[in-house]
Amino acid sequence: MGALGKPIILMVAMYVFIKFVLPNIPGSAPLPSSLIALYLLLTGSGIVIFQTLSKESKDAFWGPMQRFLTGENLGGLQALRYGVLILFPLLVGWQTYGSTAVSDLPPIESRTIHPAPPGEYTGLSNPVAKTPDNIMQGKGFYAAYCSPCHGGNFDGKGPAARGFVPAPANFADPTTIAMLQESYLFWRIKKGGVGLPIEGTPWKSAMPRWEVELPDEWIWKIIMGEYDGAHQSPRTWE
Amino acid sequence: MKPGNQMIKEVLRNGTAAIVAMIIGGASIGYAQESVSVRAALTTGGLPLEDPNAAVWSSAPPATFPMSPQVHWQNRIQEVTVKDVIVRALHDGNQMAVLLEYADPTQDPDDAAALEFMVGDKKAHFAHGQPMLQVEGGPVNIWFWKNKTDKGVDMSAKGFGTLKPQEHQDVKAKGAYSNGTWKVVFSRNLSTGHPEEDVQITPGNFISIAFAVWDGRKDGAGELVEKGSQKAVSSWWYFRADAPPDYSGYMYAAIAAALALGFQFVLIRKLKKGQ
């Protein structure tokens with residue numbers, strides 16, 4: 001089994017590396033199974049090409065496999081051979097069934113969490129002076145209009161949040177408002193869920209369209225209060 | 001005290017059993033945590049179209065969905081009575097019935113509940129098909145029930161303030177209250193002659209569904225607390241009526257297994273001959 005042992009070890013090592021080691025390298029991510037299968041196929045093809053370069057290595061590579069399949073002089077491995085010969089058709093049948101069966105899972109909806117805002121809402125700066133008074137006023141407006149869903153602690157866990165999907169944004173999470181400019185928040189608060197583009201799945205967002213209820217100045221103050229309360233700073237390009 | 005290697009064996013055995021169970025049950029583990037869809041099971045023994053307490057409901061798999069106060073549009077509300085709805089559904093290939101079950105401490109004449117569906121191919125906002133600014137949305141079909149009248153109303157809407165009963169009333173509804181729990185059954189034919197205003201249900205296809213509930217209690221001044229847009233709402237979830245059983249997958253699997261067996265047979269024969 002010498003000529004077969006190394007390829008098997010190589011394939012297993014390759015699989016372990018791609019599946020378990022690679023995703024843990026910083027900046028990497030788990031690979032989709034189709035890509036893993038492709039890499040293993042390439043590895044396997046490489047092994048076959050290498051092993052069949054000369055007549056000797058070819059015989060050493062295929063010989064044990066042929067002997068195993070034909071069952072000659074197999075001795076104690078005969079039971080294993082029958083096992084493989086029975087399991088292979090069953091596996092093929094099972095795979096076929098799995099690929100034809102109708103899925104019980106609903107269609108997957110991909111949602112872009114921070115879709116691009118319309119042009120007129122990029123690069124606006126907060127016209128309200130950042131004074132303690134204005135921040136406090138903003139926090140007051142936040143408590144009245146935003147906290148039922150986004151939470152008194154700015155964590156997206158307000159008493160009205162439980163039924164909404166997607167869940168109200170958690171402003172304390174560094175991947176929400178800390179990644180965004182103030183003008184982006186101004187757009188989202190003004191236009192609400194119904195103002196999202198199609199990739200933002202606007203038909204599911206419960207965010208009110210506050211422009212019909214609140215003056216712009218209040219919205220800018222709310223933005224200030226949100227950043228201050230959640231201990232975050234708006235993203236800047238400098 | 002057990003000897004060390006016996007304990008290790010036991011741990012290995014139990015561990016293996018657990019792993020096998022996880023592999024076998026794998027598909028259902030991720031699915032069972034939280035409901036994402038209502039499955040209308042196919043039944044042949046007569047549908048409980050107007051019977052919320054029929055025994056056959058226990059054969060329908062329950063799905064639970066969380067509710068929120070309606071805050072999207074004014075007049076909003078910040079606290080509601082009903083926190084979850086449990087939903088079951090059945091169909092027989094021609095008609096369907098949906099059972100809504102929820103806790104409500106008091107039975108009031110103004111207690112009410114509703115189902116909402118997207119109509120047609122266009123996505124509709126869950127708040128009554130509220131117009132979206134960048135996306136052309138579709139209408140919604142709302143099936144409404146109120147304790148006072150104890151019947152179904154078939155309605156259409158495309159945005160708040162546009163809700164109105166349809167000319168063709170296709171929906172039946174009936175409620176039953178006991179022990180602090182409402183059970184309301186809604187029923188209709190799977191398809192109707194009015195696809196522009198009614199949801200059409202094709203077995204096997206996923207469609208969007210949402211729920212609303214009003215607790216008809218009154219405050220100290222005798223005013224209704226939950227009314228109109230002041231209600232408990234859910235987000236969009238999925239609904240699917242089971243397709244008739246399809247055994248073609250087994251046939252394809254058997255053909256594939258037979259082909260693999262034949263391939264093995266031919267290969268081994270060739271190998272034996274070649275030597």
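Engineer: Give a detailed account of the overall build of chain A, specifying residues and quantitative values.
Structural biologist: Looking only at helices and strands, chain A features seven helices and zero strands. In chain A, the succession of helices and strands from N to C terminus is α-α-α-α-α-α-α. Whereas a compact globule of 238 residues would reach a radius of gyration of roughly 18 Å, chain A reaches 30 Å, over 25% beyond that. Principal axes of the C-alpha set define a box for chain A whose edges measure 90 × 40 × 30 Å. Residue pairs at least 24 apart in sequence account for 59% of intrachain contacts in chain A once pairs closer than 6 positions are excluded. Accessible surface, chain A as shown: approximately 13700 Å² in total, 65% of it carbon and sulfur.

Engineer: Account for the interface of chain A and chain B, naming residues and giving values.
Structural biologist: Contact with chain A, which involves 49 residues of that partner, is made by 48 residues of chain B. For the chain A and chain B pair, buried surface summed over both sides reaches about 4200 Å², with 65% attributable to carbon and sulfur atoms. Broken down residue by residue, the surface that chain A buries against chain B is led by Arg162(A), Val194(A) and Trp203(A), which jointly contribute 17%. One can count four salt bridges joining chain A with chain B. For Arg76(B), the salt bridge goes to Glu213(A), with nearest N and O atoms at 2.9 Å. Where chain A meets chain B, there are 18 residue pairs in polar contact (both at pLDDT 80 or more). Tallying contributions element by element places helix H4 (residues 78–100) of chain A first for the side of chain A that touches chain B, with 10 residues. Partitioned by chemical class, the residues of the side of chain A that touches chain B number 31 nonpolar, nine polar and nine charged.

Engineer: For the pairing of strand E10 (residues 172–178) of chain B, give the residues involved together with the corresponding values.
Structural biologist: Residues and elements named next belong to chain B. Sheet analysis places E10 next to strand E11 (residues 181–189), joined by seven bridges and oriented antiparallel. Considered in E11, the bridge of Ser 178 is made with Thr 181. Linkage of E10 to E11, two consecutive antiparallel strands, is achieved through a turn of two residues, within which Asn 179 is found at a positive phi near 50 degrees.

Engineer: Describe the layout of surface pockets, naming the residues involved and giving the relevant values.
Structural biologist: Residue and element names in this part refer to chain A. By volume, the largest pocket is sized at about 860 Å³. Going through the elements one at a time, helix H5 (132–150) and helix H6 (182–191) are the ones with two or more residues in the lining of the largest pocket. Residue contributions to the lining of the largest pocket peak at six residues, all from H5. Per-class residue counts for the lining of the largest pocket are 24 nonpolar, 10 polar and four charged.

Engineer: Residues and numbers for the domain arrangement of chain A, please.
Structural biologist: Along its sequence, chain A is organised into domain 1 (2–95) and domain 2 (119–229). For domain 1 of chain A and domain 2 of chain A, the distance between their C-alpha centres works out to 55 Å.

Engineer: An account of the nonpolar core is requested, with residue identities and associated values reported.
Structural biologist: When a protein is soluble and globular, its nonpolar side chains tend to lie buried together. Counting residues in each nonpolar core, the largest one holds 36 residues, and the members touching the most others are Val85(B), Phe186(B), Phe211(B) and Phe239(B). Look past the residues within four positions of Phe239(B) in its chain and what remains in contact with it is Val38(B), Ala40(B), Ala89(B), Met96(B), Val98(B), Ile201(B), Asn205(B), Phe206(B), Ile207(B) and Ile209(B). Tyr121(A), Phe171(A), Ile222(A) and Tyr227(A) belong to the second-largest nonpolar core, a separate cluster that totals 26 residues.

Engineer: Lay out the environment of Tyr252(B) in plain terms, naming residues and giving numbers.
Structural biologist: Mapped onto the elements of the fold, Tyr252(B) is located in helix H2 (residues 248–274). In this structure the C-alpha to C-alpha distance between Tyr252(B) and Asp121(B), which are 131 residues apart in sequence, comes to 32 Å. Here Tyr252(B) is in contact with Thr96(A) and Thr100(A), once residues within four sequence places are set aside.

Engineer: So what about the pairing of strand E14 (residues 237–241) of chain B? Which residues, and what values?
Structural biologist: All names here are of chain B. For E14, the tally of buried residues reaches five of five residues, placing the bulk of the element in the interior. Burial along E14 is two-sided: the residues Trp 237, Phe 239 and Ala 241 and Tyr 238 and Arg 240 are all buried. Across four bridges, the pairing between strand E12 (residues 206–214) and E14 is antiparallel. Paired with Ser 208 across the bridge in E14 is Tyr 238.

Engineer: Kindly report on the packing of H6(A) against helix H7 (residues 216–229) of chain A, identifying the contributing residues and their values.
Structural biologist: Residue and element names in this part refer to chain A. At a minimum axis distance of 10 Å, the contact between H6 and H7 shows a crossing angle of 120 degrees. By the angle between their directions, the pair H6 and H7 is classed as oblique. The element H6 and its partner H7 pack so that their crossing is right-handed. Between H6 and H7, the contacting residues are Glu 182, Ser 183, Leu 185, Phe 186, Ile 189 and Lys 190 on the first element and Asp 216, Ile 219, Trp 220, Ile 222, Ile 223, Glu 226 and Tyr 227 on the second. Classifying every residue of the contact of H6 with H7 gives eight nonpolar, one polar and four charged.

Engineer: Explain the packing of aromatic side chains to me, and be specific about the residues and the numbers.
Structural biologist: Residue and element names in this part refer to chain A. For the structure on display, the rule yields 21 aromatic pairs over all chains. Ring centres of Phe 186 and Trp 220 lie 4.1 Å apart, and the angle between their planes is 10 degrees; on these two criteria the pair is classed as stacked. With Phe 186 in helix H6 and Trp 220 in helix H7, this pair connects stretches of sequence that are 34 residues apart. A single burial state applies to Phe 186 and to Trp 220, both of which are buried.

Engineer: Give a description of the environment of Gly151(A) that names residues and reports values.
Structural biologist: All names here are of chain A. Structurally, Gly 151 can be placed in the loop between H5 and H6. According to the relative accessible area criterion, Gly 151 is buried, its value standing at 1%. Sequence spacing of Gly 151 and Ala 60 is 91 residues, and the spatial spacing of their C-alpha atoms is 69 Å. Setting aside anything within four residues of it in sequence, one finds Gly 151 in contact with Tyr 142, Cys 146, Lys 157 and Gly 158.

Engineer: How would you explain H4(A) if you had to name every residue and give the values?
Structural biologist: Between the first and last C-alpha of H4(A) there are 34 Å, a value that for 23 residues agrees with the 33 Å anticipated at 1.5 Å per step. Buried within H4(A) are the following residues: Arg81(A), Leu85(A), Pro89(A), Gly93(A) and Thr96(A). Of the surrounding secondary structure, the elements contacted by the buried residues of H4(A) are helix H3 (55–70) of chain A together with H2 of chain B.

What counts and how
Residues numbered from 1 in each chain as written. Chains lettered and ligands numbered in written order. Predicted model: local features only at pLDDT ≥ 70, side-chain atom pairs only at ≥ 80, totals over all residues. Heavy atoms only, no water. Helix = DSSP H or I, 4+ residues; strand = E, 2+ residues; numbered from the N terminus. Rg over C-alpha atoms; globule rule 2.2 N^0.38 Å. Contact = heavy atoms within 4.5 Å. Areas by Shrake-Rupley, 256 points an atom, 1.4 Å probe, with all protein chains shown as cover. Buried area = accessible area lost by both parts, 1.4 Å probe. Salt bridge = Lys/Arg side-chain N within 4 Å of Asp/Glu carboxyl O. Polar contact = N/O pair within 3.5 Å; in protein donor to acceptor, adjacent residues only side chain to side chain. Nonpolar A, V, L, I, M, F, W, Y, C, P; charged D, E, K, R; others polar. Pairing = 2+ DSSP bridges. 1 Å grid on protein atoms, 1.4 Å probe; cavity = no way out; pocket = protein on both sides within 12 Å on 5 of 7 lines; lining within 4 Å. Points joined across faces, edges and corners; volume = space filled by probe spheres on them. Domains from an automatic or database assignment. Core = buried A, V, L, I, M, F, W, Y, C linked by side-chain atoms within 4.5 Å. Buried < 20%, exposed > 50% of the residue type's maximum accessible area, 1.4 Å probe, protein only. Axes fitted to C-alpha atoms, helices over the stretch in contact; angles between N-to-C directions. Parallel < 35°, antiparallel > 145°, perpendicular 65-115°, else oblique. Left-handed = near helix turned anticlockwise from the far one by under 90°. Phe/Tyr/Trp six-rings, centres within 6.5 Å; stacked < 30°, edge-to-face > 60°. Expected span 1.5 Å × (residues − 1).

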